[in-house]
Amino acid sequence: MRPMPSTIVQAVRILLIDDQVIVREGLRLLLESQPGLTVVSDAASAKEAVDHARSSQPDVILLDLDLGDSHGLSCLTELLEVAPKARVLILTGVYDLEVHHAAISSGAMGIVRKLEAGDVLVKAIRKVSAGEVWLDGVLMARVLSDLWTARSQGAEENGNGHTNGVSDKERKVAEMWRPKNSGSDEYEAVKIARLTEREREVVTLIGEGLRNQQIADRLCISVITVRHHLSSVFSKVEVGDRFELAIYSYRHGLAKPPM
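Residues numbered from 1 in each chain as written. Predicted model: local features only at pLDDT ≥ 70, side-chain atom pairs only at ≥ 80, totals over all residues. Heavy atoms only, no water.

Trainee: Help me understand the overall build of the protein, please; the structure alone is not making it clear to me.
Mentor: Counting its secondary structure elements, the protein contains 12 helices and five strands. By residue count, 41% of the 259 residues in the protein fall in the buried class. In the protein, once contacts between residues fewer than 6 apart in sequence are set aside, the share between residues at least 24 apart is 65%. Here the protein has roughly 14100 Å² of accessible surface; of this, 52% comes from carbon and sulfur atoms. (Helix = DSSP H or I, 4+ residues; strand = E, 2+ residues; numbered from the N terminus. Buried < 20%, exposed > 50% of the residue type's maximum accessible area, 1.4 Å probe, protein only. Contact = heavy atoms within 4.5 Å. Areas by Shrake-Rupley, 256 points an atom, 1.4 Å probe, with all protein chains shown as cover.)

Trainee: Please clarify how unusual backbone geometry should be interpreted in this entry.
Mentor: With the exception of glycine, the majority of residues adopt a negative phi angle, and the majority of peptide bonds are in the trans configuration. A positive phi angle, close to 45°, is found at Gln57, a residue other than glycine. Structurally, Gln57 is set in the loop between α2 (46–56) and β3 (60–64). A residue is classified by how much of its surface remains accessible, and Gln57, at 35% relative accessible area, is partly exposed. The phi dihedral of Cys220 falls on the positive side, at around 60°, and the residue is not glycine. Take Cys220: its relative accessible area is 71%, and that puts it in the exposed class.

Trainee: Would you take a moment to explain the pattern of salt bridges for this structure?
Mentor: Between side chains of opposite charge, a pair can form when the charged atoms approach closely. In total, this model carries 10 salt bridges according to the counting rule given. For the salt bridge of Asp18 with Lys114, the shortest nitrogen-to-oxygen distance reads 3.6 Å. With Asp18 in the loop between β1 (12–17) and α1 (21–32) and Lys114 in the loop between β5 (110–113) and α5 (118–129), the pair connects residues that are 96 residues apart, well separated along the chain. For Lys114, a relative accessible area of 38% translates into the label partly exposed. The shortest N-O distance in the salt bridge between Asp42 and Arg28 comes to 2.7 Å. With Asp42 in strand β2 (residues 37–43) and Arg28 in helix α1, this pair connects stretches of sequence that are 14 residues apart. (Salt bridge = Lys/Arg side-chain N within 4 Å of Asp/Glu carboxyl O.)

Trainee: Would you explain the pairing of strand β4 (residues 87–92) in this entry?
Mentor: Look at any regular strand and the pattern is simple: side chains alternate between the two faces of the sheet. Taken across its six residues, β4 has five buried, putting it largely inside the fold. Of the strand pairs in this sheet, β4 and β5 are connected by four bridges, and their pairing is parallel. Residue pairing for β5: Leu89 is matched across the bridge by Gly110. Following the backbone out of β4, through helix α4 (residues 97–105) and into the adjacent parallel β5, one traces a crossover that is right-handed. (Pairing = 2+ DSSP bridges. Right-handed = clockwise from strand over helix to strand, strands pointing away.)

Trainee: Hey, could you run me through the confidence of the model for the protein in this one?
Mentor: Where the model shows low pLDDT, its predicted coordinates should not be examined in detail. Summary statistics for the protein give a mean pLDDT of 78 and a share of 75% for residues scoring 70 or more. Ranking the elements of the protein by mean pLDDT puts helix α7 (residues 168–177) last, at 48, and β1 first, at 95. The low-confidence segment residues 155–167 (pLDDT under 50) makes 12 contacts with residues lying over four places distant or belonging to another chain. Ignoring residues within four places in sequence, the model shows residues 172–183, a span with pLDDT below 50, making 22 contacts including any to other chains. (pLDDT = per-residue confidence, 0-100.)

Trainee: Can you help me understand the packing of helix α9 (residues 197–207) against helix α10 (residues 212–219) in this one?
Mentor: Each pair of packed helices can be described by the angle between their axes along with the distance between the axes. The N-to-C vectors of α9 and α10 enclose an angle of 130°; their axes lie 10 Å apart at closest approach. As summarised for this structure, α9 and α10 are arranged oblique, according to the angle between their axes. When you trace α9 past α10, the crossing you get is right-handed. The segment α9 lies against α10, with Arg198, Glu201, Val202, Leu205 and Ile206 engaging Ile215, Arg218 and Leu219. Residues that form the contact of α9 with α10 fall into these classes: five nonpolar, no polar and three charged. (Axes fitted to C-alpha atoms, helices over the stretch in contact; angles between N-to-C directions. Parallel < 35°, antiparallel > 145°, perpendicular 65-115°, else oblique. Left-handed = near helix turned anticlockwise from the far one by under 90°. Nonpolar A, V, L, I, M, F, W, Y, C, P; charged D, E, K, R; others polar.)

Trainee: Help me understand the sheet that holds β1 in this model?
Mentor: The pairing of strands in a sheet happens through backbone hydrogen bonds and is either parallel or antiparallel. Spatially, five strands are ordered β2-β1-β3-β4-β5 in an open sheet, and the strand pairing comes out parallel. One side of each edge strand has no neighbouring strand; the edge strands of this open sheet are β2 and β5. Adjacent strand axes in the sheet meet at a mean angle of 25°, parallel and antiparallel pairs treated alike. Pairing analysis gives four bridges linking β1 to β3, with the strands arranged parallel. What sits directly across from Leu15, in β3, is Ile61. Packed on one face of the sheet, α2 meets β1, β2 and β3 and runs near 140° to β2. Helix-sheet contacts for α5 involve β1, β2, β3, β4 and β5, and the interaxial angle to β4 is about 155°.

Take a look at the structure:
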């Protein structure tokens, strides 16, 4: 009998960006002690970061917002341009909602504060590398609250057809909040009716800010099953990610908006 071929899991390749040598060395030791994670490069400045991202093409970019003589946000967009398949995870020691919101709007997939334990950072890297968003419940609620305020006030467009101070992502989300007409009501009702009872439960828990493992624990199912349900829900209601699904759930009464 032939032996079964072993399954080779490719390691998540990480680029570290922090201006402090001791922090980079500490992070490297922490991450490379974890199975399936490897640090392919590190950088101390925005310029180095872009060069290293271009040459190493990492899966995850761990970006400190405070780079001494520059701000991490200044190179975030360029990092995603030179390494389009990378997911950016922000590492920060400061709780600044406006900056965090700007980071997410610019393409970051999550934010981890430096006061968190090392295992939280490791978990966030794994989740982000799998395409999930990593935001704590408070930040998620505050970001959604900001978007609701922006929608209520209305967005003014400039001569180029772009909304002043609003990213493409924010415009898409704001569009989901706009008042519905009778035609769209009927169309959305049909989409929602296609959801199974279990899928509705998953949507409600997403709206509460729960992550996949928490949803699995709450519903007594596996994380893999949660992912299958989410894939099905994304397709049925035509949203692209968990963030858009949360907005959708609030707008259509599938979950309660954060207060």
